[in-house]
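In case you want the letters, here they are:
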Amino acid sequence: MASEKKSSHSSRLKPVQPITIQELSTWIVLLFFAATTAIFFRDILFGNKFFWDDIAEYYYPFTVFAARQLANFQLPFWNPYTFSGMPFLADFQAQTFYPPHTMMALFLKSNGMLPSKLIETIIILHFILAQYAMYAYARSRSISSYGSILAAISYGFCGSLAVRIIHPMVVYHLALFPLILLCFHKGIVDKNNKYSIFSGLLLALAMISGHPQTTSYVVLFLAGYALWNGIAMILSKELVGKAIGGFALRAFLPVIIAGGITAIQFLPAQELASLSERTKITYEKTPENPKLFASDGSMRLGQIYSSVIANIYGKVSQTDAKSNNFYLPNVDESGTDQHYYWDTAFYFGLSALCLGIFGLSLNWRSKFGGFILVMIVFAFLYGLGANGFLHHLLFPIPILGSFRNPGRIMFYVGFGMCLFAGVGFDSLWNSTKNSKTQMRLLLSCAIPLVVALMAVSGILQGFIDTPEQAIDATKKDAVTALFIILGVSGVVFMTYRRILSPTIAGGILIILCVIDLNISYSAFSGSKENPADKFTLSPEMKAEFSIKPPNDIFRVEMRHKRGSAMQRNQGVLDNIMLFEGYNPILLQRRSPPAENSNLVEDLLGIRYKLDIDTARQQLAFIERPTYFKRARMVYQPIVQPDENVEKTMQAGGIDYRNQVVIEHSPKLTMGNLPADSIRHSVQCINYSNNEFSYKVSTDKAGILCFSEIWYPAWKATVDGIPTEILRTNYSLRGIEVPQGEHNIVMKYDSDTFKTGAWISIVSLVVCFGAIVFFRFKEK
């Protein structure tokens, strides 16, 4: 970056009387980042506070579930305890193959639970990684140690990371992102094939951590970086002839490598996505699709003021419930939703804002500066979602059209502004003192100052329709911002005038940055409830509702419109097969569309249901005697093509104890008689998450119907001979069973997983072989 800056502004920014600044050792920098992280998460690390929301509701129970399976040397392919059963490992966000998560199986306690502090510590360590990764990238752009530290802290605790701790897979991506870009740059610009491989390995690590949306944004950034640099190098004649092909290969190589290594996760995830509700995503909210629409989480134009006052629209705080005053409604105006706060937060501190504007104003004409400016503008326009034009324009693109919350792309802004804050800091003490530079510096501080003054006076709140009850709180935040801006401005101008040395100025700005971001976001986390304690059930409830295979297997419906009796993902911790659950991705076909809820509950084998006890007029679990056993024989098939099954079942008139709806004619000749008129028996021999077996005896051929959700990865054998698993009653499984006695085995045996596993193994072997080859070649 220093060379670009010098060539672009050699006539205006010639250094005069250059000042040397002491460089810091890597160990000192790492210790400092550990200290800033400890300060930011002090309530979690040293107090009796815990992470909350999805950490407790989703992340903790599923991490424990995976650790238990891995501790028994089994892969967690299937989760039978949530939403009547669904794939587990195929879900990217399960993070089964992300190394820190895989190793959690080593830390299970004797009661089968994980220490919540272990999970929190792993997340927190990624904030040290995020800072160091940004520091390393800034240093690679010839930014000084102090400028790089300022960039690193601003990025490491910006809104895109600090309030996404409840979604750690996003934090993992963004912690690795600067290192991915660093290696990518060395691969395509420095023409170093080894670094292209390193970039691919790091990208694979990010991908396997489990957030496809952030992965897509990272890959999009890399694609833009490659295109921008490729065009520039072709125009400058740096790339000609065959060199263009080599550049393109090095640009594609990291994505190819990452795709190959993560195929073990990616291919099963694609299979799951094709059968999920995501296939029905629409752009805007509709009556038929009230939750899954792409413009959900669109930013408002006025949220640009959040770059000056982080919580100008209010905030969400788990540490201090009284300060929960976030008031901005979602794009559909349906009311305030807390997720809108953390999905659109991007504040990166006033030190980074002032110096980032200054740095970009000096370097926007350079190749790298121009690229960063374009990506910042692109991110903001795209993040506006339904409140702008770009997101709607790009929605038809398959990858970009699969996700909600376009505001999540705002990490581009945080990354670019924080990086150029380091550039701006260095420019304070190594640039010529002329009127143009001074005016740019003045404007860089004046713009945030004016916004803060408007908020202190209440003028800004009038522009953005702040509710009366939130005005005082936002004014208070604005006063804090005003004092920080004045402090930053004073240090900046004294450094520019060489009253302060770069070392002292850098130290002060870094301290102001730490204070600023702590005030803005450190209170976001800090629940008093331990996630492990959240799932405590009485021994009586566990004994009654936990399955007892092989003979006592049933489901529980634990939610009523008046309340819930358990946590949404309680089942995975206590072996309770729940009808409900909480998961970001759901199978489209999971509940049979029978004519009434009682029939649906029968088909799914729901034995206990939370309902109103008419005698006591209060919620209680009611036992349902009509529920179907986990497996039963039926002899009267109703054949309907796939597209007619739902309509046929909704029409009613089907006796599901004797009839079953299937999608093609059976191969065996059925007796077409009521089940109770045919002598038969069905006995479960063993039952586990990924495999179960039954012994069946029947006087006539029929269909063995399971209260198990259909999914293509399941395979079945009858007496050791493979047989087709029928999709029965829209969403369940069944197999044809001939007359006589038979042993039935059904096993999760995914072809896509096997294919992906081989691709991943080969990709890893080739990558490490190539790295060894290039090492020897260098020597």
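Residues numbered from 1 in each chain as written. Predicted model: local features only at pLDDT ≥ 70, side-chain atom pairs only at ≥ 80, totals over all residues. Heavy atoms only, no water.

## Thoughts on the environment of Pro531
Condition: Numbering goes from the N terminus for both helices and strands, where a helix is a DSSP run of H or I of at least four residues and a strand is a run of E of at least two. Here a residue-residue contact requires only that any non-hydrogen atoms of the pair lie within 4.5 Å.
Along the chain, the position of Pro531 falls in helix α23 (residues 531-534). In the structure, Pro531 is positioned 478 residues away from Asp53 in sequence and 9.4 Å away in space, judged by C-alpha atoms. Among all residues touching Pro531, those that are not within four sequence positions of it are Phe50, Phe51, Ala56, Tyr60 and Ser116.

## Things to note about the packing of helix α15 (residues 350-363) against helix α21 (residues 468-496)
Put simply, the test is: Think of each axis as a best-fit line through the C-alpha atoms, taken over the contacting stretch in the case of a helix, with angles from 0 to 180 degrees between the N-to-C directions. Angles below 35 degrees are treated as roughly parallel, those above 145 as roughly antiparallel, those between 65 and 115 as roughly perpendicular, and all remaining angles as oblique. Here is the rule for handedness: rotate from the far helix to the near one, and if that takes an anticlockwise turn smaller than a right angle the crossing is left-handed, while a clockwise turn gives right-handed. Each residue gets one label: Ala, Val, Leu, Ile, Met, Phe, Trp, Tyr, Cys and Pro are nonpolar, Asp, Glu, Lys and Arg are charged, and the others, such as Gly, are polar.
Here α15 crosses α21 at 45°, and the two axes come no closer than 9 Å. The pairing of α15 with α21 is recorded here as oblique in orientation. Crossing of α15 over α21 shows right-handed handedness. Facing α15, whose interface residues are Leu350, Ser351, Cys354 and Leu355, α21 presents Ala481, Ile484, Ile485, Val488 and Val492. Each residue belonging to the contact of α15 with α21 can be placed in one class, and the counts come to 8 nonpolar, 1 polar and no charged.

## A look at the sheet that holds strand β13 (residues 691-698)
As a reminder, the rule being used: By definition, two strands form a pair when at least two bridges between them are found by DSSP.
With antiparallel pairing, the 5 strands of this open sheet are ordered in space as β12-β13-β19-β15-β16. Two strands close off the open sheet at either side, each with one partner strand: β12 (680-687) and β16 (721-723). Across the sheet, the mean angle separating the axes of adjacent strands is 25° when strand polarity is ignored. Sheet topology note: the β12/β13 ladder contains 7 bridges and is antiparallel. Its bridge partner lying in β13, Cys684 is registered against Tyr694.

## Some remarks on the nonpolar core
The nonpolar side chains of a soluble globular protein tend to be buried with one another. This is how the line gets drawn: Definition of nonpolar core: a set of buried residues of the types Ala, Val, Leu, Ile, Met, Phe, Trp, Tyr and Cys, connected through side-chain atoms within 4.5 Å. Three labels apply to residues, based on accessible area from a 1.4 Å probe with only protein chains included: buried if under 20% of the type maximum, exposed if over 50%, partly exposed otherwise in between.
Core analysis: the biggest nonpolar cluster contains 230 residues, and Phe415 and Ile735 have the highest contact counts within it. Element by element, the count of residues in this core is highest for helix α9 (residues 168-188), at 15 residues. Among the nonpolar cores identified, the runner-up in size contains 10 residues, and Leu537, Phe545, Met558 and Ile576 belong to it.

## What to know about unusual backbone geometry
Of the consecutive residues Pro549 and Pro550, the connecting peptide bond is found in the cis state with omega at 10°. Looking at where Pro550 falls in the secondary structure, it is placed in the loop between α24 (539-545) and β3 (555-557). One non-glycine residue, Asp53, adopts positive backbone phi at about 55°. If you trace the backbone, Asp53 turns up in the loop between α3 (42-45) and α4 (54-71).

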